[in-house]
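A structural walkthrough
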Amino acid sequence: MEKPYIIAGPCSVESQQQLQEVCRELCSTPHVRMIRAGVWKPRTRPGGFEGLGEPALHWMKEIADSGMRMSDGSPVRFCCEVARPEHVELCLHYGIDTVWLGARTTANPFMVGEIGDALRGSGLKVMVKNPVCPDVRLWIGAIERLQQVGIEQIAAVHRGFSMYNNHGYRNDPLWEVAMQLRRLLPDTPVLCDPSHIGGRRDVIAPLSVAAMQLDYDGLMVEVHPSPDEAWTDGGQQLTPAEFKQLISKIIPDPQNSTPHQSNTLLEPMRRQIDDIDHEVIRLLWQRMELSRHIAEVKRDFRMPVYQPQRWEAVLADRLNKAADLGMDTEFVKDILERIHGESMRVQMEQLPNDKE
Ligand code: PEP
Ligand code: MN
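Residues numbered from 1 in each chain as written. Chains lettered and ligands numbered in written order. Predicted model: local features only at pLDDT ≥ 70, side-chain atom pairs only at ≥ 80, totals over all residues. Heavy atoms only, no water.

Time to look at the sheet that holds strand β6 (residues 154–158). Spatial ordering of the closed barrel is given by β1-β2-β3-β4-β5-β6-β7-β8, a layout of eight strands whose pairing is parallel. Strand-to-strand, the axes of this sheet are offset by a mean angle of 30°, without reference to chain direction. Here strand β5 (residues 125–129) runs beside β6; their pairing, made up of four bridges, is parallel. Counterpart to V128 in the pairing with β6 is A156. (Pairing = 2+ DSSP bridges. Helix = DSSP H or I, 4+ residues; strand = E, 2+ residues; numbered from the N terminus. Axes fitted to C-alpha atoms, helices over the stretch in contact; angles between N-to-C directions.)

Quick look at the site of ligand 1 now. Not every one of the 13 residues close to ligand 1 is listed here, only the nearest: R36, K41, A103, K129 and R159. Within the side chain of R159, an N or O atom sits 2.7 Å from an oxygen atom of ligand 1. In isolation ligand 1 exposes 300 Å². Once the protein is present, 97% of that is buried. By residue class, the composition of the shell around ligand 1 is four nonpolar, two polar and seven charged. (Near = heavy atom within 4 Å. Polar contact = N/O pair within 3.5 Å; in protein donor to acceptor, adjacent residues only side chain to side chain. Areas by Shrake-Rupley, 256 points an atom, 1.4 Å probe, with all protein chains shown as cover. Nonpolar A, V, L, I, M, F, W, Y, C, P; charged D, E, K, R; others polar.)

Taken as a whole and assessed by the stated rule, the structure comprises zero disulfides. Not engaged in a disulfide, the cysteine C27 finds its nearest cysteine sulfur in C23; these two sulfurs lie 5.9 Å apart. (Disulfide = S-S within 2.5 Å.)

Turning our eyes to something else, we now look at a negative patch on the surface. Taken together, E176, D328, E330 and D334 make up a surface patch of like negative charges. Using a relative accessible area of 48% as the deciding quantity, one classes D328 as partly exposed. (Patch = residues over 30% accessible without salt bridge, like charges linked within 9 Å, V, L, I, M, F, W, Y side chains within 5 Å. Salt bridge = Lys/Arg side-chain N within 4 Å of Asp/Glu carboxyl O. Lys, Arg positive; Asp, Glu negative; His and termini not counted. Charge placed at Lys NZ, Arg CZ, Asp CG, Glu CD. Buried < 20%, exposed > 50% of the residue type's maximum accessible area, 1.4 Å probe, protein only.)

Okay, the coordination of the manganese ion (ligand 2) next. Protein coordination of the manganese ion (ligand 2) is provided by C11 (SG), H196 (NE2), E222 (OE) and D233 (OD), with donor distances spanning 2.0 to 2.4 Å. All donors of the manganese ion (ligand 2) belong to a single chain; written as a sequence motif, their spacing is C-x184-H-x25-E-x10-D. With a gap of 211 residues between them, C11 in the loop between β1 (5–9) and α1 (16–27) and E222 in strand β8 (residues 218–222) connect regions that are remote in the sequence. Among the residues examined, C11 registers a relative accessible area of 2% and is labelled buried. (Donors = N, O, S within 2.8 Å, 3.2 Å for Na, K, Ca; no water.)

Here we take up the nonpolar core. If you look at the biggest cluster of nonpolar residues, it comprises 72 residues, and the most contacted ones within it are L57, M60, L119, L146, L181 and F243. Considering every element that reaches this core, the biggest residue donor is helix α6 (residues 136–148), with six residues. Not counting residues up to four positions away in its chain, the partners in contact with L146 are L101, V112, G116, L119, V126, V128, I151 and I154. (Core = buried A, V, L, I, M, F, W, Y, C linked by side-chain atoms within 4.5 Å. Contact = heavy atoms within 4.5 Å.)

Let us look at the packing of helix α12 (residues 308–324) against helix α13 (residues 329–349). Packing of α12 against α13 leaves a shortest axis separation of 10 Å and a crossing angle of 145°. For the pair α12 and α13, the sense of crossing is right-handed. Mapping the contact onto sequence places W311, L315, R318, L319, A322 and A323 in α12 and T329, V332, K333, L336, E337 and H340 in α13. Here the contact of α12 with α13 is composed, by residue class, of seven nonpolar, two polar and three charged. (Left-handed = near helix turned anticlockwise from the far one by under 90°.)

Right, let's get into the packing of aromatic side chains. Under the defined criterion, the tally for this structure stands at two aromatic pairs. Judged by centre distance (4.9 Å) and plane angle (90°), the ring pair of F49 and W231 falls under edge-to-face. With a gap of 182 residues between them, F49 in the loop between β2 (32–36) and α2 (54–65) and W231 in the loop between β8 and α10 (240–250) connect regions that are remote in the sequence. The class of W231 is partly exposed, set by a relative accessible area of 45%. Arranged with centres 5.9 Å apart and planes meeting at 80°, the rings of W175 and Y216 form a pair that is edge-to-face. Pair noted here: W175 is in helix α7 (residues 175–184) and Y216 is in the loop between α9 (204–213) and β8, with a separation of 41 residues, a long-range link. (Phe/Tyr/Trp six-rings, centres within 6.5 Å; stacked < 30°, edge-to-face > 60°.)

The subject of this paragraph is the pattern of salt bridges. All told, the structure shown has 22 salt bridges when counted by the stated rule. Close ionic contact of D202 with R200 constitutes a salt bridge, the shortest N to O distance being 3.0 Å. A relative accessible area of 55% means that D202 is categorised as exposed. Among the ionic pairs, E279 bridges to R282, the shortest N-O distance being 3.2 Å. Within this pair, E279 and its partner R282 are both found in helix α11 (residues 259–300), separated by three residues, close to a single helical turn. Through salt bridges that share partners, E267, R270, R271 and D274 make up one connected network.

Now for the pairing of β8. With respect to burial, β8 is a largely interior element, five of its five residues being buried. Side chains of β8 alternate between two faces, with G218, M220 and E222 and L219 and V221 buried alike. Sheet analysis places β1 next to β8, joined by five bridges and oriented parallel. Looking at β8, one finds that G9 is bridged to E222. Sheet topology places strand β7 (residues 190–192) next to β8; two bridges connect them, and they run parallel. Across the sheet, L191 pairs through a bridge with G218, a residue of β8.

Shown next as structure tokens:
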């Protein structure tokens, strides 16, 4: 897959005219490789626009048959979400290039199985959005189910996770979950969908830049001729002009890369990072060893493992220290809570079990 692989298009197809207009714009935008356009829309609550269905596919085919080409000269390519086996049949009938499983579908192994059966032998390429919940195994499981029915070209799409606290985005990116997927499935390309992570036009560019910095294979971005009038996801769609600006921001300037020079600068700092990480691990080990000894004393004096007052004091002290150093205290708190959780686990291991 040539990087970055850029997919763009409206959240939903709304009319033949809207589709034609956005396709003309995107086909004249360099680096766009495929057009996304929602045909069946999964709505959180009933009563909203649920997509135009088959007529939208018919218009896509008409555009392809008219000979429209992407900016690199290849025939226009479309992708859309499928949520049922019948959707797959219709996409095949109308010559859609690629389909994707939405976040709500990926979370449901039964649906993934049924759609997988419909995809068997179809030759369609498939993208798998992350499930709504941050469960990397569920995401990988969906990809594996599709591999099992013989689909060869599969990409993952990171669109963020529904969280109680999503840090101001529509969906919390939790980049580390996507990193884990990339580590476990190194051969699967991963695209970022900044539109559904961000949920707001003003954060699409910084999220896209972040994805490029994290070496994603590409992006899927929502673009609409007039976002404020869009029937779905109006707040997060970019105008074609805004999207063109975004592209110029994220495509690297070939003049500007001299790997040799950057390596000379990076190597000494990377060695220091290696040393620091080793030291952090050694210190964590030392801390856990101490926890074991503490557990023995608590056990002998019949004190509970969890001492809330001590933990409150520890946390406050460390967060003050972090704030003094100008660190992100949320980040430090996350790490401390993880360490404390492990310390509790280690201490519980020291408790006598029933057999003793
Ligand atoms: C979409 O791409 O328009 C969409 C509904 O996606 P998701 O499954 O990520 O919510
Ligand atoms: Mn959308």
